[in-house]
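# Tertiary structure, described
Letter by letter, the chains look like this.
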Protein chains: 2
Amino acid sequence: MEFNDITTKMAADHIQTALFFKNENIAYLSGFHPSSFSMVIFNEDPVLLASKMDLEEAKKISKIPVEEFNSFKDVKEILKKEGIKTLGIENTISLGICKQFKDDWKIVASDLLVPFRMIKSSEEIKKIQKAIKISEKSVKSLRLHGKEWEVAAQLNYNMRANGSQKEAFDTIVASGTRSSLPHAETSSNYISNPSVIDWGARWEGYCSDCTRTNVETEKQEEIRNIILEAKKVGIKSIAPGVKASEVDKAVRQVIVDYGYGDNYIHSTGHSIGLEVHEEPSLSAKNESKLEKNMIVTVEPGIYIEGHFGVRIEDMVLVKNKAKILTNLPGDFNFE
Amino acid sequence: MEFNDITTKMAADHIQTALFFKNENIAYLSGFHPSSFSMVIFNEDPVLLASKMDLEEAKKISKIPVEEFNSFKDVKEILKKEGIKTLGIENTISLGICKQFKDDWKIVASDLLVPFRMIKSSEEIKKIQKAIKISEKSVKSLRLHGKEWEVAAQLNYNMRANGSQKEAFDTIVASGTRSSLPHAETSSNYISNPSVIDWGARWEGYCSDCTRTNVETEKQEEIRNIILEAKKVGIKSIAPGVKASEVDKAVRQVIVDYGYGDNYIHSTGHSIGLEVHEEPSLSAKNESKLEKNMIVTVEPGIYIEGHFGVRIEDMVLVKNKAKILTNLPGDFNFE
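What this report covers is the structure whose coordinates are included nearby. (Residues numbered from 1 in each chain as written. Chains lettered and ligands numbered in written order. Predicted model: local features only at pLDDT ≥ 70, side-chain atom pairs only at ≥ 80, totals over all residues. Heavy atoms only, no water.)

### So, the overall build of chain A
For chain A, the helix and strand inventory stands at 10 helices and 18 strands. Over its C-alpha atoms chain A spans a radius of gyration of 22 Å, differing by no more than 12% from the 20 Å that the globule rule assigns to 335 residues. In terms of its C-alpha atoms, chain A occupies a principal-axis envelope of roughly 70 × 40 × 35 Å. Burial statistics for chain A: of 335 residues in total, 59% are counted as buried. Contacts spanning at least 24 positions in sequence make up 62% of the contacts within chain A whose residues lie at least 6 apart. Element-wise, carbon and sulfur atoms account for 48% of the exposed surface of chain A, whose accessible area totals about 14,200 Å². With 44 positive and 49 negative side-chain charges, chain A shows a separation of 3 Å between the mean positions of the two kinds. (Helix = DSSP H or I, 4+ residues; strand = E, 2+ residues; numbered from the N terminus. Rg over C-alpha atoms; globule rule 2.2 N^0.38 Å. Buried < 20%, exposed > 50% of the residue type's maximum accessible area, 1.4 Å probe, protein only. Contact = heavy atoms within 4.5 Å. Areas by Shrake-Rupley, 256 points an atom, 1.4 Å probe, with all protein chains shown as cover. Lys, Arg positive; Asp, Glu negative; His and termini not counted. Charge placed at Lys NZ, Arg CZ, Asp CG, Glu CD.)

### Regarding the packing of helix α4 (residues 72-81) of chain B against helix α5 (residues 95-102) of chain B
Each pair of packed helices gets described by two things: the angle between the helix axes and the distance between those axes. All names here are of chain B. Close contact between α4 and α5 brings their axes to 10 Å; oriented N to C, the two are set at 45 degrees. The orientation of α4 with respect to α5, classified from their angle, is oblique. Of the two possible hands of crossing, α4 and α5 adopt the one that is right-handed. Note on element contacts: α5 touches α4 through Ile97, Gln100 and Phe101, opposite Phe72, Val75, Lys76 and Leu79. (Axes fitted to C-alpha atoms, helices over the stretch in contact; angles between N-to-C directions. Parallel < 35°, antiparallel > 145°, perpendicular 65-115°, else oblique. Left-handed = near helix turned anticlockwise from the far one by under 90°.)

### Some details on the pattern of salt bridges
Applying the stated criterion across every chain, the model contains 38 salt bridges over all chains. Of the charged contacts, one joins Lys166(A) and Asp170(B) as a salt bridge, the two residues approaching to 2.5 Å between their closest N and O atoms. Here the residue Lys166(A) occupies a position in the loop between α8 (148-161) and β7 (172-175), and Asp170(B) occupies one in the loop between α8 (148-161) and β7 (172-175), the pair thus bridging two chains. The class for Lys166(A) is partly exposed, based on a relative accessible area of 30%. For Asp198(B), the salt bridge identified is with Arg311(B), shortest N-O distance 2.9 Å. In this pair, Asp198(B) is assigned in strand β8 (residues 195-199) and Arg311(B) in strand β16 (residues 308-311), connecting sequence segments 113 residues apart. Each member of the pair, Asp198(B) as well as Arg311(B), carries the same accessibility label: buried. One network of salt bridges, with partners in common, ties together Lys22(A), Arg117(A), Lys120(A), Glu275(A) and Glu278(A). (Salt bridge = Lys/Arg side-chain N within 4 Å of Asp/Glu carboxyl O.)

### Observations regarding the packing of aromatic side chains
Scanning all chains against the criterion turns up 25 aromatic pairs over all chains. Seen in terms of ring centroids, Phe69(A) and Phe72(A) are 5.6 Å apart; in terms of plane orientation they differ by 75 degrees. Their pairing is edge-to-face. Both residues of the pair, Phe69(A) and Phe72(A), count as buried. Here Phe21(B) and Phe101(B) contribute two aromatic rings whose centre-to-centre distance is 6.4 Å and whose plane-to-plane angle is 45 degrees, an arrangement assigned as tilted. In this pair, Phe21(B) sits in the loop between β1 (17-20) and α2 (23-30) while Phe101(B) sits in helix α5, placing the two residues 80 residues apart along the sequence. Aromatic ring contacts, followed pair by pair, group Phe21(A), Phe37(A), Phe69(A), Phe72(A), Phe101(A) and Trp105(A) into a single cluster. The lysine or arginine in question, Lys130(A), covers the ring of Trp203(A), its NZ or CZ lying 4.8 Å from the ring centre. (Phe/Tyr/Trp six-rings, centres within 6.5 Å; stacked < 30°, edge-to-face > 60°. Lys NZ or Arg CZ within 6 Å of the ring centre and 35° of its normal.)

### Let's talk about the relation of the copies chain B and chain A
Between the two copies, chain B and chain A, the superposition gives an RMSD of 0.0 Å; the rotation angle is 180 degrees and the shift along the axis is 0.0 Å. Such a combination of rotation and displacement between the chain copies is what one expects of a two-fold axis. By C-alpha distance to the rotation axis, the residue of chain B lying nearest is Ser94(B), at 2.1 Å. Most of the interface of chain B is mirrored in chain A: 100% of its interface residues are interface residues there too. (Least-squares fit on C-alpha atoms with pLDDT ≥ 70 in both.)

### So, the sheet that holds strand β2 (residues 39-42) of chain B
Residues and elements named next belong to chain B. Across the sheet, six strands lie side by side as β4-β3-β2-β1-β5-β6; this open sheet has mixed pairing. Looking at strand neighbours, the two that pair on one side only are β4 (66-68) and β6 (106-110), the edges of this open sheet. Each strand of the sheet is rotated relative to its neighbour by a mean of 25 degrees, with strand direction disregarded. Sheet strands touched by α2: β1, β2, β3 (47-50) and β5 (86-90). Its angle to β2, the strand with the most contacts, is close to 55 degrees. Against the sheet, α4 makes contact with β1, β2, β3 and β5, and its axis sits at roughly 5 degrees relative to β2, the strand it touches most. (Pairing = 2+ DSSP bridges.)

Just distances and angles here, no functional claims.
Shown next, in the form of structure tokens:
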């Protein structure tokens, strides 16, 4: 991404200046991850407005000039002085912030950065690969004993010791009957099988996201094999030009064919980068076409309420076909 | 809070039905903390719409009826069938979600729940006190050795072992010259003095938030004494009817008098509950009046760039005067 590409798109959308408030967008443009309220005023001369509290760090790290954020009143005066009439604002921004500007400017609410952020540069790909490497190294010494939360704490500790800034998201360790809850909070139950572990590291802001499930009984293994087959079919379906929904459809069909369609209660995957969940998602309704250098997860699961669940998740880079970035075997069992 | 109080306020604001998307608002109304997209349609017959993924847990926990969220299209049909013309929507909600409704309904964007959530019930106060108790027990066995992040991991582990669901926010351990960064990420530096530790536990969704700073040199102790004096003055200024800004002013004046006004680079505090940062904040610009059963933090700090920083933070319940909820002495030194 070059700033020129963004300003060109802004011109096409009749946006004179864009305001960015979302932390990941600010990080994408400036390299600085704010810890408190910040914004970027973006045009040919972008500027990051950071809170007094972040100022020292922001000035060290930001690739664009940094000034102190004082008040919306000051921001409005700057915009008026520059003769700006049309403001681009993120679709993700709150109504409360929008209210600050909507009376004095024509607002164009858009996902201006999404088309840029969804295509990863070689530098971004390297950062994501590094996050994956850390996360995989960190499970190899993981021991599945103690309580679910202790296993999660151990894994988080390993990731940090291996260089992760922090977890990419709250590590999921859901075992026994709790494995049927795709987003279970880790409990104080002693870990048992099957155990679904869904974890990710973060390197220079970029996330990894992977899931493996330990199985024990034949029935559990049978379900895991279905999941592995569905994942394989999904990954095989990935190529530039393919719709996101088609990947979901391919994966879902395998699970339906085995009679578990009603037990596949979430989408097949999501893009990933500075955020764990980015656009496009691989869901039944998403008609976006995959493009080269997108990075997506493929994560089929079967959840049998009251019994157990299995999910396996890999990360995939879209090239002429899918390149799997994760390296752990799908039937990896934790020790 | 009784649901009647909310519907009465809605009637006064000419809101027929309110939509809530923010997780903490959903938790406040239903008792269920969603792990993925959810919403509450609120009127005399409120309903929680949860994603398929959350459905099993939501049905177990929610105090209001639960149905599956399918699509915005379905939600719109329900609203139309009920003859709703005016919709209340949270100020915190994104433009993207608002767009779904703004063409077919009159939208009233408001902070409808804020006045209710800012006054804590006795049940909420108990939950917050339990979170405080966990967080304080957890530092008593904390040893300040190793790297900053290891100290943070140790503290997080202790909190979880003592019953916290998870940290209320990313634990801050900022030591040596890094203590001058109020929101420093924990680094891989070996811990040194002064060390600012800012941590909180979470009990049934409710947060605690406390900061203590270990000091070593006379200069550091001198600064900490100024902070302790400022904090004392701030807490003494708290009473129902006092403006939030007046507490900030009282605290700031002490620091200014000692010549460190430019080194106090953040607000004096914030309300706390289901979220770590709630309304009203104790900032120079906040003219809200304190009321009985608000819970706020008082957290003065002095940050000398390139040298060091000191911050001390207590939690306070507003009664006829301030009741300090935290129990650790202000000059508590970690071992």
